[in-house]
Amino acid sequence: MKRILPVLLFAALYFNAFSQNKKPVSVFPPGLASIKETDLHKDIFELGGDSFRGRRSGTVDELRAAAWVAQKAQEAGLKPAGDDGTYFQFLNLRRNRLGDNGTFSINGKNLLLWKDVYEPTPSETHLDGPVTWLRSLADTVIDLKGKIVAIKMEAPKPLPFAASKLWNFRYISLAVRQMGTAMRNHGAAAIIIVADSIAMDALDRAAGHNYKDGQYLLEGVSRPANTLRLMPVIVVNTVYAADLQAPNATVRANMPVITYLYPIVNVIAKASGTDPVLKNEFVLFSGHHDHDGVWRPIKGDSTYNGADDNASVTVAMLAIGRAWVSHPGKRSALFVWHGAEERGLLGSRYYAVHPTVKKEAIVAVLNADMIGRNSIDSAALLGSILPHRNSTALVNMAMQANKMLTHFVVDTTWDNAKHPEGWYFRSDHLPYAQAGIPALMYSSLLHDDYHTVLDNPDRIDIGKLFKMTEWMYATGWLVSQSAQRVGVDIAGNKQ
Ligand SMILES: [Zn+2]
């Protein structure tokens, strides 16, 4: 009997705290007090500020951001867990892009590269000859083999999802791909596509920036390493339609591709666990430190700061690191700030194949992308419903943590396989899930400032960021303390 009273008292305190929606700091989880809004605020204004110039991969700005993250991780008390006892895992990306000295002319009239003429996929382009004008893609009664074909852009079929935030970008990407494939199948030497008004808008907004920047290829992991010999697919400004249709129209082009290696870097740190056996296993917290760089000015601002995307998660992981150092869990915590997410999940695709701890030792991946915007009462958890869910045990822990601590209304609509944005496939948890590791993604979802110059720190809801940080931390804590390791659902994986 003597032992029952304290237990009852403890339980009463515990549930009382939750029922009143207070944080039972001393009860669960123990490092909560180390997560501070003031730290989140200070860090996100530093990393999400103009001085990092948008942290674009393939520039020194991403490397500077990575160095900032490593230094902050060290200050938080986290230990290096990258290559050779450092905080870093460097890898080289194969960069292919058009040289700045390329030339392109129609009927002897020179077009300006990246203003009048674009090449979406860098390809060695050397053309000199007559133009065969096609009235439509269906107009293939003429033998196109070896011809320089010109045609007006045709809308892709089907059209992109109407509400997509990147609709124009998807429109031009799909149209270029479909038209290029059709002409390649007819054996054309090159295709020149006259942009329509939607494509012109996409080129102006972001597509042109990406085309100019060229390719970022992860050699040996995915994508063919050499696309330089592909049939050239060229997009020209709408105003050149008449020139290309003129009798005896000719095109001359010399657009060489330059190819080189450039480093990106994952930043990796850890906090060791306390259990002599379980400390050899890791809860992996995941985010990305890169964003979109400097590009087209809007109202005088040309820096895409990505404060929400994804400085928010970068600084949340530092806060979780401080909490973990103050109160280590049984299992160890691993923090991976990936590079080059915006260029195609490149850092995470590499790390999932070349982890700096044993792959089998990674118990779960808690990834997050954009956690500082929208209603403070709701949030999304991707990978929580079928067919994306790969660990019911992990989802249950995330839901338990939310129920006990953060009380978000959990939005699963974006996790639906039929959701047209395909959000589940667009962040760094994906390569881990594909490698059979239990994985989730936290997000406060899209907003109008997504991938614009307005994604700035002053638009972050620090209270929301704080709650999302707590949710990730609390889930990780449950994963760390659980006697049984969270498992992968075999059935869920197969679907
Ligand atoms: Zn992101």
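Since the structure is predicted, the reported quantities are computational estimates derived from the model, not experimental observations. One numbering rule holds for all chains: residues counted from 1, following each sequence as written. Since the coordinates come from a predicted model, pLDDT governs what is reported: local features require at least 70, and pairs of side-chain atoms require 80 or more to be given and counted, while whole-chain, interface and lining totals use all residues. The basis for every side-chain value is the complete set of heavy atoms in the structure, and neither hydrogens nor water enter the calculation.

To continue, consider the confidence of the model for the chain. Confidence scores per residue from the predictor, reported as pLDDT, run from 0 to 100. Mean pLDDT over the chain works out to 91, with 92% of the residues at or above the 70 mark. Pairs of residues are marked as contacts when any of their non-hydrogen atoms sit within 4.5 Å. For the stretch residues 1-27, pLDDT sits under 50, and the model shows 14 contacts to residues farther than four places along the chain or on other chains.

Here the focus is the domain arrangement of the chain. Examined at the domain level, the chain breaks down into domain 1 (25-93 + 261-494) and domain 2 (100-255). Every contact between the two is made by 23 residues of domain 1 and, on the other side, 21 residues of domain 2. Both faces combined, the contact of domain 1 with domain 2 buries some 1,900 Å², and carbon together with sulfur accounts for 56% of it. Whenever a carboxyl oxygen of Asp or Glu lies within 4 Å of a side-chain nitrogen of Lys or Arg, that contact is scored as a salt bridge. Scanning the region where domain 1 abuts domain 2 turns up two salt bridges. Two N or O atoms count as a polar contact when they lie within 3.5 Å, although within protein this holds only if one can serve as hydrogen donor and the other as acceptor, and sequence-adjacent residues are included solely when both atoms are side-chain atoms. The interface formed by domain 1 and domain 2 contains six residue pairs in polar contact (both at pLDDT 80 or more). Breaking the side of domain 1 that touches domain 2 down by element, the ones donating at least two residues are strand 2 (88-98), strand 14 (293-298) and helix 8 (346-353). Per element, the largest residue contribution to the side of domain 1 that touches domain 2 is four residues, and it comes from helix 8. Considered class by class, the residues forming the side of domain 1 that touches domain 2 number twelve nonpolar, three polar and eight charged. What marks off one domain from the next here is an automatic or database domain assignment. Accessible surface is computed with a 1.4 Å probe, and the buried area is the amount of it that two parts give up when combined, taken over both parts together. For the purposes of this entry, the term helix denotes a DSSP run of H or I that reaches at least four residues, the term strand denotes a run of E that reaches at least two, and both are numbered from the N terminus. Three residue categories are used. Nonpolar comprises Ala, Val, Leu, Ile, Met, Phe, Trp, Tyr, Cys and Pro, charged comprises Asp, Glu, Lys and Arg, and polar comprises the others, including Gly.

Note on donors: an N, O or S atom is included if it sits within 2.8 Å of the metal, or within 3.2 Å for Na, K and Ca, and water is never included, so sites can look incomplete. Protein ligation of the zinc ion involves His288 (NE2), Asp309 (OD), Asp369 (OD) and Asp369 (OD), the donor distances falling in the range 1.9 to 2.7 Å. All donor residues of the zinc ion come from one chain, and their arrangement in sequence is H-x20-D-x59-D. One end of the pair, Asp309, is in helix 7 (residues 307-326); the other, Asp369, is in the loop between strand 17 (362-368) and strand 18 (378-382), with 60 residues separating them in the sequence. An identical accessibility class is assigned to Asp309 and Asp369; each is buried. Between buried and exposed lies partly exposed: a residue is buried under 20% and exposed over 50% of the maximum accessible area for its type, with that area taken using a 1.4 Å probe on protein chains only.

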